[in-house]
Amino acid sequence: MSSHPLDPLTADEIRQAASILRRDQGVTDRWRFASIELREPSKQAIRDHESGAAFAREARVVCWNRDDGQTYKALVSLTDDRVVSWAHEPDGQPNMTVDEFLECGQALRREPRVIEALASRGITDLDRVLIDTWAYGAHLLPEEYSSRRLGWADVWYRKEEGGSPYANPVSGLHFVVDLNRMELLELEDDRSVEEPQTMGEYVPRLVPGQRLREDIKPLEIVQREGASFSLEGNLLRWQKWSLRIGFNYREGLVLHTVGYEEGGRTRSVAHRLSFAEMVVPYRDPTPDHYRRTAFDVGEWGLGFMTTSLELGCDCLGEISYLDAVLHDTKGEPYTIRNAICIHEEDNAVLWKHVDAQFGAETRRQRRLVVSFHVTVANYEYLVYWRLYQDGNIECEVRATGIMVTTHFSEGRQPPYGTLVDARTYAPFHQHFLVARLDLDVDGERNTVHVIDSQALPTGPDNPHGLALVQRSTPLRTEREGEQDYDWTTQRAWKVVNEHVRNGLGTPVGYKLVPGGCFPPMLDPQSPVFRRAQAIAHALWVTPFHEEERWPCGEFVVQSREDRGLPIWTSQDRSIQDTDIVLWYVFGIHHITRPEEWPVMSVDTVSFWLKPVGFFDRNPALDVPPTIHSCHSEEGQ
Ligand SMILES: [Cu+2]
């Protein structure tokens, strides 16, 4: 039973949504369910619920018929047990699914041409072969197959039991597959590169001569009285913060209705925070890599790729976990145990001053962390949303896992990557993340200002050339909302509510402090850039629209162009004093390093949302000292 309109779909609700479509729309066993998710209620419906109104439950479903390849989008009322709408999507190729990934690997392992190609390279133990299937972009689809649902696959090989497949690329061997028929269409086999002797293992027993460090003593996090947050269903409360945890197949973790309590009432900061897309172009035009342009959110789904977390490994201390419920392509629900981790962390000093006469006053900083991890084939992304006692919100992403590598012939290393092992390089690539930030700063009527620092020229009022001012320019339309980072002005963006003033008389606001943003560095004509125009800017601002959720378009598998942000914003709607959504593009410009082989230590990027005049003064003055001596009045 769901107890709040924002709770993710339950297993029963997923089952019900699928069975309604089987009953009423002729969805048969030849169909696949690509996605079944909650249709989230409107802000009004949430407010109505808070004043006691009943709420209805609806599911959004995307499914397709494998026989004719046609895609349909449905809206299903679970409350009324009926189909609300059913629409054919002639140009829609649904997201890739885990079932297809697994079935494709199995089908190819049974395929005589594949068995023969592997045998000719001395690979006969098929249990040690890993076949990774990737999605295509429309521009690279072979013409004769352009109407099909296509995957292309590369091949990896475990040299020994328990060994890493990504240690050993089977260079030059690729398959093109019809995913609806699980039929091998093309086999590309270039054996011109001889396999080098490499060592790509990271599990200790497989690393030659590996001795583990012996000088690490246990570090334990103990909270004898338990953690200081509470979790009732999906409602999370910690100190003055409150929010609801959501989860879906595509964005994975979603934070809803993030608020901070002040003066006995909850002040809204954000209605919804999530990752709406991730684009990973490999910047290597050689035959092994030119198709490698992953849209990890739109093609695969961060939810579907979410992995279970383990206490003491992924999270340390007093942890609460939430499970996630998703579904397979038959519409059968399954549970990802411990999908979301919630815990508190000590984060060194929050504030401090040493008074010459009376000594130090020091407060330790706590933060509440809500996190989840995804594994997308060779790579993992670890996502941490952190709430701080002084109203700050930090969003951190860590990339780890195993880099894609490829072999080359003696003396022929391509310039598009870094040498990491014998005749082996790791291609350069980029990870662009698009955070969807539906901020509601003290209500829905918000305006974004671009904030630039500017040094004034020397003159009569500024004889020493010291004057620094801040230019605050409201962004009025979607065109103006297309923003790039400017290092020379230390640019940031502030979301203000002109209708709510703080005690100082200025409008309340929250600032997006950019981090980890970089330009796309792509030719405007390059296929991946045409499909991912969303990465052209560091920030986009749109007026809230329920159907505008996916910045590179809803259907990015085999897409030809970006049907998300560039289409929506071409209307050049007003973004002033209205309910707005910020789309922040950041990530990792990954120039690979030898130290990232054979497994990559986390590469970390983050951005912050910080209150600017949201409070009248430091809201964390009331944080108590942890021990007596941190407090000067009694600590002398
Ligand atoms: Cu990377």
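Residues numbered from 1 in each chain as written. Predicted model: local features only at pLDDT ≥ 70, side-chain atom pairs only at ≥ 80, totals over all residues. Heavy atoms only, no water.

### Overview of the sheet that holds strand β8 (residues 183-189)
Read from one edge of the open sheet, 4 strands run β5-β6-β7-β8, paired in antiparallel fashion. What marks the edges here is a single partner per strand, and that holds for β5 (129-135) and β8. Between one strand axis and the next, the sheet turns by 30 degrees as a mean value, whatever way the strands run. Here strand β6 (residues 150-157) runs beside strand β7 (residues 169-178); their pairing, made up of 6 bridges, is antiparallel. The residue of β7 that forms the bridge with G151 is V177. Packed onto the sheet, helix α3 (residues 98-110) meets β5, β6, β7 and β8 and runs at close to 125 degrees relative to β5. This element, helix α4 (residues 112-119), spans β5, β6, β7 and β8 of the sheet and lies at about 20 degrees to β8. (Pairing = 2+ DSSP bridges. Helix = DSSP H or I, 4+ residues; strand = E, 2+ residues; numbered from the N terminus. Axes fitted to C-alpha atoms, helices over the stretch in contact; angles between N-to-C directions. Contact = heavy atoms within 4.5 Å.)

### Considerations on the domain arrangement of the chain
Per the domain assignment, the segments of the chain are domain 1 (11-87), domain 2 (98-192) and domain 3 (230-630). Its C-alpha centre places domain 2 at a distance of 34 Å from the equivalent point of domain 3. If you look at the interface, domain 2 gives 30 residues, while domain 3 gives 31 residues. Summing both partners gives a buried area of about 2,600 Å² for domain 2 against domain 3, and 56% of it is carried by carbon and sulfur. Its largest share of buried area at the contact with domain 3, domain 2 owes to W134, H139 and Y166, together 26% of the area lost on that side. Counting across the domain 2 and domain 3 interface gives 12 residue pairs in polar contact (both at pLDDT 80 or more). (Domains from an automatic or database assignment. Buried area = accessible area lost by both parts, 1.4 Å probe. Polar contact = N/O pair within 3.5 Å; in protein donor to acceptor, adjacent residues only side chain to side chain.)

### Points about helix α2 (residues 43-50)
Of the residues making up α2, those classed as buried are K43, I46 and H49. Projected down its long axis, α2 carries its buried residues within an arc of 120 degrees, all on one side. Taken together, the buried residues of α2 touch β13 (265-281) and β23 (429-439). One or two positions beyond α2, positive phi appears at G52, with a value near 100 degrees. (Buried < 20%, exposed > 50% of the residue type's maximum accessible area, 1.4 Å probe, protein only. Arc of directions from axis to C-beta.)

### Brief notes about the environment of L504
Looking at where L504 falls in the secondary structure, it is placed in the loop between β26 (492-501) and β27 (507-513). Along the primary structure L504 and D616 are separated by 112 residues, whereas in three dimensions their C-alpha atoms are 6.6 Å apart.

### A few points about the pairing of β7
For β7, a buried count of 10 out of 10 residues is recorded, marking the element as mostly surrounded by other parts of the structure. Taken together, the 6 bridges between β7 and β8 define a ladder with antiparallel strand orientation. Bridge pairing links V176 to E186 in β8. Between β7 and the antiparallel strand that follows it, β8, lie 4 residues; M182 among them carries a positive phi value of about 50 degrees.

### Quick word on the coordination of the copper ion
Bound to the copper ion on the protein side are Y379 (OH), H429 (NE2), H431 (NE2) and H590 (ND1), at distances that span 2.0 Å. Around the copper ion sit 4 donor atoms, and with donor-metal-donor angles ranging over 94 to 137 degrees the site reads as irregular. Summarised as a motif, the one-chain spacing of the donors to the copper ion is Y-x49-H-x1-H-x158-H. On the criterion of sequence distance, the pair formed by Y379 in strand β18 (residues 379-388) and H590 in strand β29 (residues 580-590) is long-range, its members being 211 residues apart. With respect to burial, Y379 and H590 carry one shared label: buried. (Donors = N, O, S within 2.8 Å, 3.2 Å for Na, K, Ca; no water. Tetrahedral: all angles 85-135°; square planar, octahedral: opposite > 155°, others 65-115°.)

### A closer look at a nonpolar patch on the surface
Taken together, L219, I221 and L316 make up a surface patch of nonpolar side chains, about 290 Å² in accessible area. Relative to the assigned elements, L316 resides in the loop between α5 (296-300) and β15 (320-327). Of the residues examined, L316 reaches a relative accessible area of 39% and is grouped as partly exposed. (Patch = residues over 30% accessible without salt bridge, like charges linked within 9 Å, V, L, I, M, F, W, Y side chains within 5 Å. Areas by Shrake-Rupley, 256 points an atom, 1.4 Å probe, with all protein chains shown as cover. Salt bridge = Lys/Arg side-chain N within 4 Å of Asp/Glu carboxyl O.)

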